[in-house]
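Commentary on secondary and tertiary structure
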Amino acid sequence: AGVLRDWDPEAGEVEANAATTQFVLYNTGEFRIGTNLSTANVYHGWELNGSYDASLSGNTPWRDSDYNSRITKVNVTSSVSVVNAYRMLQGLSNLTTASIGKLDTSSCTTMYELFDSCTSLKTVNASGLNTVSVTNMSYLFWNDTALTTVNLSGWDARAVTTCYGPFSYCDS
């Protein structure tokens, strides 16, 4: 698994590199995950060499910082390897839509609290995710009180052994 490195657009460090995965927060509130992303109107960004593993210390800086309230939309634009999605998008309080179907989750074992406490989240398109290796889907959408539409078509949950309250406190 790789380690995220900060970009500082004000210092001219924003770059597009086909060999790395970028996690880019734009001034519009869109948070894109992919490769060769646009560097125009970037608020902040991170790059990653290797697979994303949320269990690594500091590997989700956008959710535990002042960035999380700026994110209103998540869009995965190209295949990104994820081996651990534990709390990957947790607590993004102003997130309203997410399209994550292009994540490569073929080796991912946990999606525990992936969208936990995204209280403005209304729509999720996660169709096509390869979930054949996922064993834990507990609290996947826990406390997503505005959630109304979720597309999970194509998911294979046969390996799941732990799945406590995936939609607990989803009032809508």
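A short tour of the structure in this document, coming up. What you are looking at is a predicted structure, and each value in this text was computed from that prediction instead of being measured.

Side note on the overall build of the protein chain
- Along its length, the protein chain carries zero helices and 11 strands.
- Beginning at the N terminus, the succession of helices and strands in the protein chain can be written as β-β-β-β-β-β-β-β-β-β-β.
- Out of the 172 residues belonging to the protein chain, those deemed buried represent 44%.
- Sequence separation of at least 24 residues holds for 70% of the intrachain contacts in the protein chain that already meet a minimum separation of 6.
- As presented, the protein chain carries roughly 7,600 Å² of accessible surface, and 45% of it is formed by carbon and sulfur atoms.

Things to note about the pattern of salt bridges
- Inspection of the entire model under this criterion finds three salt bridges.
- Note that arginine 158 is salt-bridged to aspartate 156, the shortest N-O span being 2.6 Å.
- Relative accessible area serves as the criterion here: at 18%, aspartate 156 is assigned to the buried category.

Describing the packing of aromatic side chains
- Tallied over the entire structure, the rule returns 13 aromatic pairs.
- Aromatic pair phenylalanine 31 and tryptophan 46: ring centres 6.3 Å apart, planes at 75 degrees, arrangement edge-to-face. In this pair, phenylalanine 31 sits in strand 3 (residues 30-34) while tryptophan 46 sits in strand 4 (residues 42-48), placing the two residues 15 residues apart along the sequence.
- Residue tryptophan 46 is classed as buried on the basis of its relative accessible area of 2%.

Looking at the environment of threonine 110
- Here threonine 110 is to be found in the loop between strand 9 (103-104) and strand 10 (123-125).
- Residue threonine 110 is classed as buried on the basis of its relative accessible area of 12%.
- Each C-alpha atom of the pair threonine 110 and threonine 135 lies 6.0 Å from the other, and the pair is 25 residues apart in sequence.
- Among residues more than four places away in sequence, those in contact with threonine 110 are Asn84, Ala85, Tyr86, Val134 and Asn136.

Reading the values: the criteria
- Residues numbered from 1 in each chain as written.
- Predicted model: local features only at pLDDT ≥ 70, side-chain atom pairs only at ≥ 80, totals over all residues.
- Heavy atoms only, no water.
- Helix = DSSP H or I, 4+ residues; strand = E, 2+ residues; numbered from the N terminus.
- Buried < 20%, exposed > 50% of the residue type's maximum accessible area, 1.4 Å probe, protein only.
- Contact = heavy atoms within 4.5 Å.
- Areas by Shrake-Rupley, 256 points an atom, 1.4 Å probe, with all protein chains shown as cover.
- Salt bridge = Lys/Arg side-chain N within 4 Å of Asp/Glu carboxyl O.
- Phe/Tyr/Trp six-rings, centres within 6.5 Å; stacked < 30°, edge-to-face > 60°.

Functional significance is not addressed by these values, which are geometric in nature.
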